[in-house]
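Structure at a glance
Here are the chains, one letter per residue:
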Amino acid sequence: MSRARRLRAAALLLLSACALACGGGGTTQAAPRREVILRTEADDERVGEQTAMQVGGAMGFVEDAALGAYVDAVGKRLARYAPRGGFQYQFKIVDQDVPNAFALPGGYIYVSRGLLIMANSEDDLAGVLGHEIVHVAARHAAARQGVIQGMPGIVQALAGGTIAEYGRDQEREADRLGQGLAGLAGYDPQGLANFLTSLEFQERLQLGGSRLPRFFDSHPATAERTASASSRARMVAWQREPGIANGPAGYLEKIEGLVVGTGASEGVFQGSRFLHPELDFTLRFPPDWDTQNTREAVGAISPQRDAMISLAHEAMGQDPRRAASDFLARAREQGLRVDRTQPVVLAGMNAFRAEGHALASGAALPVELTWIAHRGAIYRITGVSSPRAGTRYSGAFRSVVRSFRPLSAEARQSIRESRLRIVPARAGETLPELSERTGNLWNVQETAVMNGLYANAILASGQRVKVALPERYGALRRSEAYASSEH
Amino acid sequence: MRPQSSAGAGVLLPGLPGADAAGGDFLGQLVAFQARKREIAAALGVDPYCDNAPLQEALDRHAWAVQAGGAPLPSAAPDASATPVLSDGGAARSERAGEMLRDYSAEDLERLNRIELAVMGVPEPLREQFIANPAYSPSHETVLVEALAALEGTEDRVAFIEAAVAAQSGDEAQDYQRMAELMRRYADRAGGLERIERVEGGVAARAQDGTLVVPVRADHALWTQRMASLAESVAREMGGDRDAARARIVFSGSVSPMAREHLENLGMSVAEDAMDAPPSEPDGAESGASP
């Protein structure tokens, strides 16, 4: 089990104990799974619509209307040639750093930010979207399971890849017909093959690391799909139609400025210190603890895996006492024994504190809860430790709570994130030289994969190369100013 | 206009359950009715687009009743007494083609076929000419295209469409459909086909061992002038060295003794009932020089 998975497992153990005892808090018991049967196209549309509403919450969307409209336009151009014309196809960009694409029944299709970054042209993008459209049009989801599990499971699966994969034949069919769709829409069917090639190299780079999910974590293996797609592309009858973007360079212009890797808008760690530029706060976790930041909460687990502390958004409002009262009323019903409560002031902010024990599996886990009012929101910091640890971590919990404060201007200035920039190469330049000159954060192999180049490529004058550059959080998405990188 | 292009479109819609006087959810009802009709046809193992008028009427009546909620979907194929209304090929059609005919509307089938043809490399003008050919019902077209699509890796499938586009009647369309199915069946069992070739009066395929595979749709083939012409064409393709060049005539049905004798005298081997051959046999009942 990888370190990340061990960490997650330990976190889940403690979280589930806390959830049991602190019911009504941020973590709730999973609802019983509901069977969803996709018998008809109407079922596809209904289930797809319901599930699509949860995708944004689970994964988030890239907030760039122009780029979103562009991806939607490419997808709709392909969908004109697809069967099941009754489906209202929609194409959106999920805020996920790994290259990924997936489709929900009924025509809801998603590509990730990481996929857009890995693609090198509209042809590549069209190949991927064509593939996903075929999954929808051929109703592969219905054929795959007949019965699929309930919505939360689907969304979990989309985020984590636990749902059954499409079958081998379905993947092959989606590749084959997806390339045909691309060709009919005036895109080079080689686009899918090019993208799969980049992906294959990416997988090799990540060998031993976490696998890429969904679109790629499939059978047949990427290498086989790449070879088939490439050979098929030479056969497809197609005629080039002008793209929506102006050639590969136009595509790169569209995607320039996308965040590379994990963005800072949902908070970043600087060592053990967590900074959230959008919610305007910072707090510091104990130095040796393993930290995790998710869409729902940020937290840390002790090195011995016997304590965890997390911060989550509890409610909107100004009154931490009221938020605490509401929470504790629910939590008491589920086994939380409250020993002590008191109002406190932390760095000038109103707060409310409760101590007690959560009863889980016959054991009493020490729990410390603090509600803090900040910028119109109430945050809850929850510290839980194992019964054996007792109150050993009380000091650490309080230290974390006391470190919560608004971001200073200096701290805000220190937040960095990586953004995709397109830089022109100099004649005869190599990738290491270009990276050195521009301050590219990707290593040579990553840069080669992301650009569909060999690592030892000799670049031509003006050749556009994708690089990842560290930039201050809040910098312009489009960097007109970056032309200076050429010099 | 394609007479068979829309399953169920010919029935009287005002009586359709759920449709109000103003038309109501007219399109929705129509789509649902057509879907019911395709499901019934699939369950009965018949072609929802066939031009057999009594069968179409029966399908319409049953679909109407199911749509109205007064009748269940049939769950089993009809007994043998019903088979005369079936156009040939219903039973032999590939499972996937059967699912496509059941699950997709005629318009969707046309779109799917267009994509598949593009993937095979059929250029747009020929593609559209083939799709617009009124001799082909959606069923003919879909089964044919699906069989060719399954021959991925076989060179020059375009040659088949170049020949098939010339069909001028439903019967000729069915010939080509069956030829494509026979080729697919041969490829499945013999491990693939190298390429498709035009021969005088039709199409053939070259197997990977060099054998010329000539598919022929016939319930029972007699030694007729047409058969003799076909044999002469194949013999010309084989050239002078008949020991080196092999040809195999693959029939969907049986062959008369005289036809067999003539073909074998010309150095050709004959396979009968190729669509029904058990998996242990490459392409049907064996006779003559084996490939």
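A quick note: this is a predicted structure, and the numbers were derived from the prediction, not measured. (Residues numbered from 1 in each chain as written. Chains lettered and ligands numbered in written order. Predicted model: local features only at pLDDT ≥ 70, side-chain atom pairs only at ≥ 80, totals over all residues.)

To continue, consider the overall build of chain A. Helix and strand counts for chain A stand at 16 helices and 18 strands. Buried residues in chain A amount to 45% of all 487 residues. For chain A, long-range pairs separated by at least 24 residues make up 68% of all intrachain contacts whose partners lie at least 6 apart in sequence. (Helix = DSSP H or I, 4+ residues; strand = E, 2+ residues; numbered from the N terminus. Buried ≥ 20, exposed ≤ 12 C-beta atoms within 10 Å, placed from the backbone. Contact = placed C-beta atoms within 7 Å.)

Here the focus is the overall build of chain B. Helix and strand counts for chain B come out as 10 helices and 7 strands. Across the 291 residues that make up chain B, the buried fraction comes to 44%. Pairs at least 24 residues apart make up 67% of the contacts formed inside chain B by residues separated by at least 6 positions.

With that settled, the discussion passes to the nonpolar core. With 143 residues, the main nonpolar core has L78, I133 and L181 of chain A together with M183, V213 and V250 of chain B as its most contacted residues. Counting residues in each nonpolar core, the second largest holds 38 residues, with I309, A358, I372 and A373 of chain A among its members. (Core = buried A, V, L, I, M, F, W, Y, C linked by C-beta atoms within 7 Å.)

Time to look at the pairing of strand β3 (residues 101-104) of chain A. All names here are of chain A. Burial along β3 is two-sided: A101 and A103 facing one way and F102 and L104 facing the other are all buried. Note: β3 against strand β4 (residues 108-112), 4 bridges, orientation antiparallel. Bridge pairing in β4 links A101 to V111. Here β3 hands over to β4 after 3 residues, with G106 in that stretch at a positive phi of 95°. (Pairing = 2+ DSSP bridges.)

Attention now goes to the sheet that holds strand β14 (residues 349-360) of chain A. Within a sheet, each strand pairs with its neighbour through backbone hydrogen bonds, oriented either parallel or antiparallel. Residues and elements named next belong to chain A. Taken together, the 7 strands give an open sheet; going across it, the order is β10-β11-β12-β16-β15-β14-β13, and neighbouring strands pair in antiparallel fashion. If you trace the sheet from one side to the other, it starts and ends with β10 (290-293) and β13 (336-346), each paired once. For this sheet the average axis-to-axis angle between neighbouring strands, irrespective of direction, equals 15°. Sheet topology places strand β15 (residues 363-374) next to strand β16 (residues 377-385); 8 bridges connect them, and they run antiparallel. Its bridge partner being in β16, T370 is matched across the sheet by I381. Along the sheet, helix α12 (residues 320-333) makes contact with β12 (307-316), β13, β14, β15 and β16, crossing β14 at roughly 10°. (Axes fitted to C-alpha atoms, helices over the stretch in contact; angles between N-to-C directions.)

The next thing to look at is the sheet that holds strand β2 (residues 202-207) of chain B. Residues and elements named next belong to chain B. The strand order across the open sheet formed by 5 strands is β1-β2-β3-β5-β7, and the pairing between neighbours is mixed. Edge positions in the open sheet fall to β1 (193-199) and β7 (268-271), since each of these has one partner strand only. For this sheet, the mean angle separating the axes of adjacent strands, direction not counted, is 25°. In this structure, strand β3 (residues 212-216) lies alongside strand β5 (residues 247-251), joined through 5 bridges in parallel fashion. By the bridge assignment, V214 is partnered in β5 with I249. Running at roughly 165° to β3, helix α9 (residues 225-238) makes contact with β1, β3, β5 and β7 of the sheet.

So, on to the interface of chain A and chain B. Size of an interface, as often reported, equals the accessible area lost when the parts are brought together. Counting from both sides, the interface comprises 16 residues of chain A and, opposite them, 14 residues of chain B. Tallied by class, residues from the side of chain A that touches chain B come to 10 nonpolar, 3 polar and 3 charged. (Nonpolar A, V, L, I, M, F, W, Y, C, P; charged D, E, K, R; others polar.)

Residues and elements named next belong to chain A. According to the domain assignment, chain A consists of domain 1 (31-257), domain 2 (268-412) and domain 3 (416-486). Taken together, the contact between domain 1 and domain 3 spans 14 residues of the former and 15 residues of the latter. Counting only elements with at least two residues in the side of domain 1 that touches domain 3, the list comes to α4 (113-118), α9 (190-205) and α11 (247-255). With 5 residues, α9 is the largest single contributor of residues to the side of domain 1 that touches domain 3. Of the residues belonging to the side of domain 1 that touches domain 3, the class tally is 7 nonpolar, 5 polar and 2 charged. (Domains from an automatic or database assignment.)

Glancing now at the environment of N120 of chain A. Residues and elements named next belong to chain A. Counting through the fold element by element, N120 comes out in the loop between α4 and α5 (122-137). Judged by C-beta crowding, with 22 C-beta atoms within 10 Å, N120 ranks as buried. As a C-alpha pair, N120 and Y166 span 46 residues in sequence and 26 Å in three-dimensional space. Leave out the neighbours within four places in its chain, and N120 touches N194, P248, N451 and G452.

Once that is clear, we can look at the packing of α5 of chain A against α9 of chain A. All names here are of chain A. At a closest axis distance of 7 Å, the pairing of α5 and α9 adopts a crossing angle of 95°. Overall, the two elements α5 and α9 adopt an arrangement that is roughly perpendicular. Residue-level inspection shows D123, D124, A126, G127, V128 and H131 of α5 in contact with α9, the latter providing Q190, G191, L192, N194 and F195. Here the contact of α5 with α9 is built from residues that sort into 4 nonpolar, 5 polar and 2 charged. (Parallel < 35°, antiparallel > 145°, perpendicular 65-115°, else oblique.)

For the rest of this paragraph, the subject is unusual backbone geometry. Phi angles above zero are rare outside glycine, and R375 of chain A is one such case at about 50°. With respect to the helices and strands, R375 of chain A occurs in the loop between β15 and β16. Of the residues examined, R375 of chain A has 11 C-beta atoms within 10 Å and is grouped as exposed. Of note in this structure, D156 of chain B is not a glycine but carries a positive phi near 60°. By the element assignment, D156 of chain B lies in the loop between α6 (138-149) and α7 (158-164). Judged by C-beta crowding, with 17 C-beta atoms within 10 Å, D156 of chain B ranks as partly exposed.

Once that is clear, we can look at the environment of R46 of chain A. With respect to the element layout, R46 of chain A can be found in helix α2 (residues 41-59). When the C-alpha atoms of R46 of chain A and V467 of chain A are compared, they prove to be 41 Å apart, with 421 residues separating the residues in sequence.

Moving on, we get to helix α15 (residues 431-438) of chain A. All names here are of chain A. Buried within α15 we find L431, L434 and S435. Down the axis, α15 shows its buried residues gathered within 100° of arc, on one side only. Here the buried face of α15 lies against β17 (416-424), α16 (444-451) and β18 (464-472). Positive phi appears at G439, one or two residues downstream of α15, with a value of about 80°. (Arc of directions from axis to C-beta.)

In this section: the confidence of the model for chain B. Any segment with low pLDDT has predicted coordinates that should not be analysed in fine detail. Residues and elements named next belong to chain B. When pLDDT is averaged along chain B, the result is 76, and 69% of the positions lie at 70 or above. A low-confidence stretch, residues 1-24 (pLDDT under 50), is modelled with 36 contacts involving residues beyond four sequence positions or located in other chains. Throughout residues 76-92 the model reports pLDDT below 50, and contacts reaching past four residues in sequence, or to other chains, amount to 20 contacts. Among the scores for the predicted complex, ipTM is 0.72 and pTM is 0.76. (pLDDT = per-residue confidence, 0-100.)

Glancing now at the packing of helix α4 (residues 106-120) of chain B against α6 of chain B. Residue and element names in this part refer to chain B. With their axes 10 Å apart at the nearest point, α4 and α6 run at an angle of 30° to one another. Overall, the two elements α4 and α6 adopt an arrangement that is roughly parallel. Seen from above, α4 lies across α6 with left-handed handedness. Along the contact surface, α4 presents A106, L109, N113, E116, L117 and M120, while α6 presents P138, E141, T142, V145, L148 and A149. Class assignment of the residues belonging to the contact of α4 with α6 gives a composition of 8 nonpolar, 2 polar and 2 charged. (Left-handed = near helix turned anticlockwise from the far one by under 90°.)

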